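Structure at a glance
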Amino acid sequence: MSSVRAKGIYKSLPNLAKSWQSSEAGQAPFVRGPYRTMYQQKPWTMRQYAGFSSADATNEFFKKQLENGQTGLSVAFDLPTHLGLDSTDERAQYDVGKTGVAIDSVEDMKRLFDGIDLSSVSVSMTMNGAIMPILACYIVAAEEAGYASSSLRGTIQNDILKEFAVRNTFIHAPKPSLEMSIDVVEFSQKKLPNFNTMSISGYHFQEGGATPELELALTLAHAKVYLLACQKRGLDLNTIARRLSFFFASGMAFFKEIAKLRAARKLWHDLLVELGVTDEQALRMKMHCQTSGVSLNAESPYDNLTRTTVEAMAAVMGGTQSLHTNSFDEAIALPSDFAASLALGTQQILQQETGLIDVVDPWGGSYMMETLTSEMIDYVNSTLISLESGEGVLAKVEQGDIAFFIHQQAMQQAQLSKPFVTSISDQQDKPQVSPRVIHSEKALESQRLSINKLKLVRNNRLVNQSLEKLKEKALSGQNLMPYVVAAIKHRATVGEVTEALCQIHPRFFPQQKISNELLDSEDLKTVRSRYQQFMNKNGRALKVLFTKVGLDGHDRGAKQVVATLKAVGLDVTYLPVLTPFSEVQSMIQNHHFDVVGISSLAGAHLDFSKAVFSCIDPVKTALIVGGVIPDHDFESLEKIGIEGIFTRHSEIGLVVNRIIELVEAK
Ligand code: 2CP
């Protein structure tokens, strides 16, 4: 990506002789768009991702958004559901309903879609870990509401590979997980012919620290692993690829994001042709885009409206089929109704007032854009070669190399990132934001009641038989979806199905690789010399326990802090995502730490702060917390006894300084 990015201005004429540069939209290799008429015939789907605590609350919100003009649904599940834990599971206790809707059984799924016409609205479900029981709940709920499976339209994310690199909502090890994802593809191809069976995702790579071009390379590397796994099963890619779709981020690198989507379609086309696909429908890449979460600033939230608008325009100019625009308060907590309406309104304005939908591939023919697209293609092709080298992509997923690569990128991005523009910086004029508050105790109580009720009325003998059958089939390597559907029909819970699968394919805890490079900044040099003074005076290293508590898988910030603390010289123990709380407790009880740090981005910071605080001796150990922490929680955290509160935008040097200060004060 040299010329344009380095100089800022395009100087020399591009080589427009490449054949794809004269192709039309709707024509292979689809650089200019998957359809000839694009938005003139059908504007992109306005598909806002949402889920709030209970199925009833989310159902109400969905209905309201549809009335307001939203054209597709997209379900956000809570973390216990992602990890196949029933709400009543002890491991789930602080995360129920926090970042999405809790679905424990088919009964919850029925309430989620009650009164919504599933044959006319397409439904996207972001689910990867507990993919099989959740899809089964959807199928059974729809069937029991009178919809034939063949009439259901939508998408299931079902992209487990990226979970091992970013996001971390996997359950089993990569290989069995991959097989289960292919089970879903194979089963859905017959049972849900109008459902997109995968939404192969790059979004989370960019959120995790990748550049747009690396996001694309990694997404296609994973896509190829899925294609080869399908081929190995004997599935015909001409049919399968028709229902594979993609999901990309749209960040602030405006031109590059447009080029990325154009390049993506050509690269997907070429990859499929290389694998022998000839079906034209299969060769068209279709995609959903979401504006960037990391580009949002908690300090001046109204500015986020502008950022999201620019990012949405890039996605539309790049030819996306479906779009989510983030709400301006999302850097603070879950969006309020007000912010969610403005986010949908942004799309409606772009669609109805600007004329954007009248032009197909508006940047086509621009020297700058064609060059960027071409450079993007070259970059991805060469990166794919290095990703596939050695033992290949799947081995790199298994060994945590892709996760490590993203972590390294995030460290570099931290150094390159520009400061945010802050239009309203005056404290007095600072916009008042009232993000949504989730009452998780209420959510937990209501889930508990429904699970109890379900277990009272169901036929336990049939449930147990169906779970036994599932385990037997899991050992034999057969497609498991029919057996999961049968268990769910008998009212097995999502947790019970997952537990049965875990008896054959146990839960996976990957090895964590943390960078040991020290970011090169003046701030950190100062901090390092301060720490050196501390060491000289006290004759020992400072001991810190840093932990990702709960089920939240967003560990970009946590790993950055841990890497920096280590590089500065502190003695750091890191308990990564998915560490059971009992392990955190026993680590604290059996070792001395000067400081315990907890990172939470999923709204559970208050609960976990209380729980961890009760395990430490505050005279000897200080507790600090970081992550997505709304202003209105600062006071409560201080009351608990938290001695340092850091947000996503806190300078890392500041964190280290505070740690030293706290220890010196004790
Ligand atoms: C559309 N169609 C057309 C045209 N436009 N036909 C002819 N000419 C045109 N110009 C047809 C399509 O072929 C399709 O028909 C139908 O209209 C619907 O259009 P679509 O383009 O397929 O739109 P869609 O139904 O909205 O589907 C879009 C996607 C789908 C991208 C294919 O996979 C999707 O909706 N993905 C959303 C994923 C998502 O929401 N993810 C949430 C991530 P046929 O159906 O007959 O082919 S949340 C992420 C968070 C951050 C997380 O992961 O944690």
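Residues numbered from 1 in each chain as written. Predicted model: local features only at pLDDT ≥ 70, side-chain atom pairs only at ≥ 80, totals over all residues. Heavy atoms only, no water.

**Observations concerning the UniProt feature "domain: B12-binding" (unreviewed entry) in the protein chain**
Under the UniProt annotation, the feature "domain: B12-binding" (unreviewed entry) is placed at residues 541-666. Here residues 541-666 is 42% helix and 21% strand, with 15 Å between the C-alpha atoms at its ends. (UniProt positions renumbered as here; feature names shortened; annotations may be inferred. Helix = DSSP H or I, 4+ residues; strand = E, 2+ residues; numbered from the N terminus.)

**Looking at the packing of helix α8 (residues 212-232) against helix α10 (residues 254-274)**
Two elements in contact, α8 and α10, have axes whose closest approach is 10 Å; the angle formed by their N-to-C orientations is 25 degrees. The angle between α8 and α10 falls in the class roughly parallel. Once α8 is placed against α10, the crossing between them reads as right-handed. Contact residues: α8 offers P212, E213, E215, L216, L220, A223, K224 and L227, while α10 offers K256, E257, K260, A263, A264, L267, W268, L271, L272 and E274. (Axes fitted to C-alpha atoms, helices over the stretch in contact; angles between N-to-C directions. Parallel < 35°, antiparallel > 145°, perpendicular 65-115°, else oblique. Left-handed = near helix turned anticlockwise from the far one by under 90°. Contact = heavy atoms within 4.5 Å.)

**Structural notes on the environment of S434**
In this structure, S434 sits in the loop between α16 (401-416) and α17 (440-457). On the accessibility criterion, S434 (59% relative accessible area) is exposed. On a C-alpha basis, the gap between S434 and S336 in space is 6.7 Å, while along the polypeptide they are 98 residues apart. (Buried < 20%, exposed > 50% of the residue type's maximum accessible area, 1.4 Å probe, protein only.)

**Quick notes on the sheet that holds strand β13 (residues 622-627)**
Overall, parallel pairing links the five strands, which are arranged β11-β10-β12-β13-β14 in an open sheet. A strand with exactly one partner marks an edge of an open sheet, and here the two such strands are β11 (571-575) and β14 (644-647). Within this sheet the neighbouring strands show an average axis-to-axis angle of 20 degrees, counted without direction. Relative to β14, β13 runs parallel, the two sharing four bridges. Its bridge partner lying in β14, G626 is registered against F646. (Pairing = 2+ DSSP bridges.)

**Focus on unusual backbone geometry**
Cis rather than trans, the peptide bond between A28 and P29 has omega equal to 5 degrees. Mapped onto the elements of the fold, P29 is located in the loop between α1 (2-7) and β1 (45-50). Backbone geometry places L578, a non-glycine residue, at a positive phi of 75 degrees. Tracing the backbone through its elements, the reader meets L578 in the loop between β11 and α23 (581-590).

**Comments concerning the nonpolar core**
Core analysis: the largest hydrophobic core is formed by 92 residues, its most contacted members being L216, L220, F246, F248 and W268. Residue contributions to this core peak at 12 residues, all from α8. Not counting residues up to four positions away in its chain, the partners in contact with F246 are S199, I200, T219, L220, A223, W268, M285, K286, M287 and H288. Within the second largest apolar cluster, 59 residues are counted, among which are F52, I131, I134 and I488. (Core = buried A, V, L, I, M, F, W, Y, C linked by side-chain atoms within 4.5 Å.)

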